[in-house]
Amino acid sequence: MVAKKNADKEAPREQWSSKMSLVMASAGSAIGLGNIWMFPWRMGTYGGSAFLLIYVLIIAFIGLIALMGEFAMGRGQGKGPISAFEAIFREKKLAGGKWLGLFPVLMTLAVTIFYMVVVGWIIHYFVISFQGFAGLNLATYFSGFAGSSSAISWHVLAVVATTAIVYMGVKKGLEPINNLMLPGLLILMVVLAIRAVTLPGAVEGIRFMFAPNFGALADPLTWFNALAQALFSLSLLGCTLVIYGSYMPKGTDIPQAAAYTAIFDTIAALLAAFIVFPAAFAFGVSPNAGIPLLFVTLPGLFAQMPAGLLFGALFFLLVIFAATTSAISLFESAVEPLMDAFKWARKKAALITGAVVLLAGLPLTINMGHFSLWMRVTSGILMPIGTLVTMIVLFWVFGALRARKEVNEGAAVKMGPWWEFFGKYVAVGGTFFILVAGILRFTGQWR
Ligand code: PFF
C-alpha cells in the first residue's frame, strides 16, 4: 500500500526525444577509454587485421545481439534491470528477481568507481597540456601524481561535473551533452588521425597494425581479448543499455539503433588505432596499453611532434569527451536503480550516486596499489558476472523467442529465428568463457 502510494507520486518516465538522441547516447556510452587505451594495443598485439576480422565478427554475432537484447529488455519492461528482472521472475512465479537485478547494477558501479579516477587524471592532463609536455619526465611525473593526494581535487572535479549532468535528467542533461560531445569527439579523432598518419615514418605503423597474423587466431588469448574488448567497448555490462532502452519510445527501431551504435563504436576504435600506431612508429616507440599509453607514451610523442602543444591539448580534449559520455552512462546506471528501488527523485539519486562514487574512489585516487587491484578484480571477474546474469535472464528466463519479438517490434529489418540461437548459445557461451578466463587469469592460472 505504501509502495503503491509512492509509486503513484512517481514522475512519468523520461524518454529520448528522438531516435537520433538514443543513438548518440548509446554511441557516447560505447565510445570511451576502452576504444582509446585498449583497442589499438589489442589489435597490434593479437594478430593485426586477423584480430580486426574476428573482432568485427564478434561485434556482429555476439555484441549486436546482446545490444538488441538489452535494449529490448529495457523498452519491453519500461524499467532498468531491478524492476525488469523482478517482473520477468514474477511472471514465472520465481522469487528473487530484483535481488538478481542488483548484480549488473553493482558490477557496473564497480567500473564507475575506477573509471572516474581515470577521468580525473585526464582532466588534469588536459590542463597541463597547455604548458606542453616537453621538459617533463613523464613516467616520474605520472607516478608522482597518480596515487597521491594531488589527484584528489581532480577526482572530485570529475565526479562533480558528471553528477551535475546526470542531475539534470535525460532531456536536459544527458541529451545535450551527448549531442555536443559525440560529434566533437569524432571530429577530433579524424583531425588527430590525419596528423598522425602524415608524420614522417607513419606508414610503417599502419603496415604493422594491419599485418595479418592468422597464426594468432590459434591462441585462445586472442579470442579472449577480442571478446572482452567487444563487451566492454559496447558497454555490455548488463545494466546501462537496459536503462537506455527503457527511455526508448515504443516504436523505436531497435536493430537499427543497435547497428548504428556498433558501427560508430568500431569506427572510433579504428580511428584510435590510426592515431596511436602511426604516431608511435614515427617516433620509434612501441605502442602500449592502458594507463601508460595515455599518460606517458602519448604525451611523450606530443612533446616531440610539430605543433605538439596544439595536438596534445586536442587529444586530451578528445579523451575528456569520450570519457564523459561514457561516465554519464555509468552514473545513470546507478541513478535509475536508486530511483527505481527507493522511489527517490532523480536529483536525490544523482547526489547520492555522486557521493558514493566520490568516497569509494578516494582510496583508489591516493593509492595506485588499490587502484590496480580494484581494476583487475573488476575487469577480470565482476564485469563478466553482470553481463552473464543479464544475458541468462534475457535469453533463458524471459525467453529468446519473446526477446526476438520485442526486438522486431518497430524494426524495418526483422530478426529471424537464427537470432535466438546466437543469443542463447553464442552470446551466453562467449560471456561464460570470458568469466572463466577472467578468473583463471586473475588467479594467475592462465597468462
Ligand atoms: N564502453 C566504455 C568504454 O569503452 O570506455 C566503458 C563503459 C561504459 C562500460 C559504460 C560499461 C558501461 F556501462
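Up top is the structure these notes are about.
Model, not experiment: these values are computed from the prediction.

Chemist: Quick question: what am I supposed to make of the nonpolar core here?
Modeler: The nonpolar side chains of soluble globular proteins are, as a tendency, buried together. Among the nonpolar cores identified, the biggest contains 155 residues, and W121, F295 and F315 are the most heavily contacted of them. Sequence-distant contacts of F295, defined by excluding residues within four places in its chain, comprise V118, W121, I122, Y125, L138, F142 and F316.

Chemist: I'm lost on the environment of F321 in this one. Help?
Modeler: Looking at the secondary structure, you find F321 in helix 15 (residues 308-342). The buried category is assigned to F321, whose relative accessible area is 16%. In the structure, F321 is positioned 139 residues away from L182 in sequence and 7.2 Å away in space, judged by C-alpha atoms. In contact with F321, other than residues within four places in its own chain, are M181, G184, L185 and L188.

Chemist: What am I meant to see in helix 17 (residues 368-408) here?
Modeler: One turn of the α-helix equals 3.6 residues, which is why residues spaced by three or four share an orientation. Look at helix 17: only 47 Å from first C-alpha to last across 41 residues, short of the 60 Å you get at 1.5 Å a residue. For helix 17, the principal kink sits at G399 and spans about 105°. The backbone nitrogen of G369 has a side-chain oxygen 2.7 Å away, supplied by the residue at the start of helix 17, namely N367. Downstream of helix 17 by a residue or two, G410 has a phi angle that is positive, lying close to 85°.

Chemist: Could you clarify how one ought to interpret the site of the ligand in this entry?
Modeler: Close to the ligand lie 16 residues, the nearest being L33, G34, Y115, F232 and T240. With respect to the ligand, the side chain of N35 contributes an N or O atom lying 3.5 Å from an oxygen atom. Across the complex, the protein chains shield 100% of the 340 Å² of accessible surface that the ligand would expose by itself. Taken together, the elements giving at least two residues each to the shell around the ligand come down to helix 2 (19-30), helix 3 (33-45), helix 6 (97-129), helix 11 (220-233) and helix 15.

About the cut-offs
Throughout, a residue's number is its position along its own chain's written sequence, starting from 1. Given that this is a predicted model, residues contribute local features only at a pLDDT of at least 70 and side-chain atom pairs are listed and counted only at 80 or more, while totals for whole chains, interfaces and linings are drawn from all residues. Only hydrogens and water are set aside when side-chain values are computed; all heavy atoms of the structure are taken into account. What makes a nonpolar core is a set of buried Ala, Val, Leu, Ile, Met, Phe, Trp, Tyr and Cys residues whose side-chain atoms join them at distances within 4.5 Å. Only protein chains enter the calculation, and the probe is 1.4 Å; a residue is then buried if its accessible area is under 20% of its type maximum, exposed if over 50%, and partly exposed in between. A contact between two residues is defined here by any heavy atoms of the two lying within 4.5 Å. Segments assigned H or I by DSSP are reported as helices when at least four residues long, segments assigned E as strands when at least two residues long, and all are numbered from the N terminus. Helix span is expected to be 1.5 Å times the residue number reduced by one. What the bend at a residue measures is the angle between two axes, fitted to the seven residues ending there and to the seven starting there. Counting of polar contacts relies on pairs of N or O atoms within 3.5 Å, with two restrictions inside protein: one atom must be capable of donating a hydrogen and the other of accepting it, and residues adjacent in sequence are counted only when both atoms are side-chain atoms. Nearness of a residue to a molecule or strand requires only that one of the residue's heavy atoms be within 4 Å of it. For the area figures, the Shrake-Rupley method with a 1.4 Å probe applies, and any residue is considered shielded solely by the protein chains shown.

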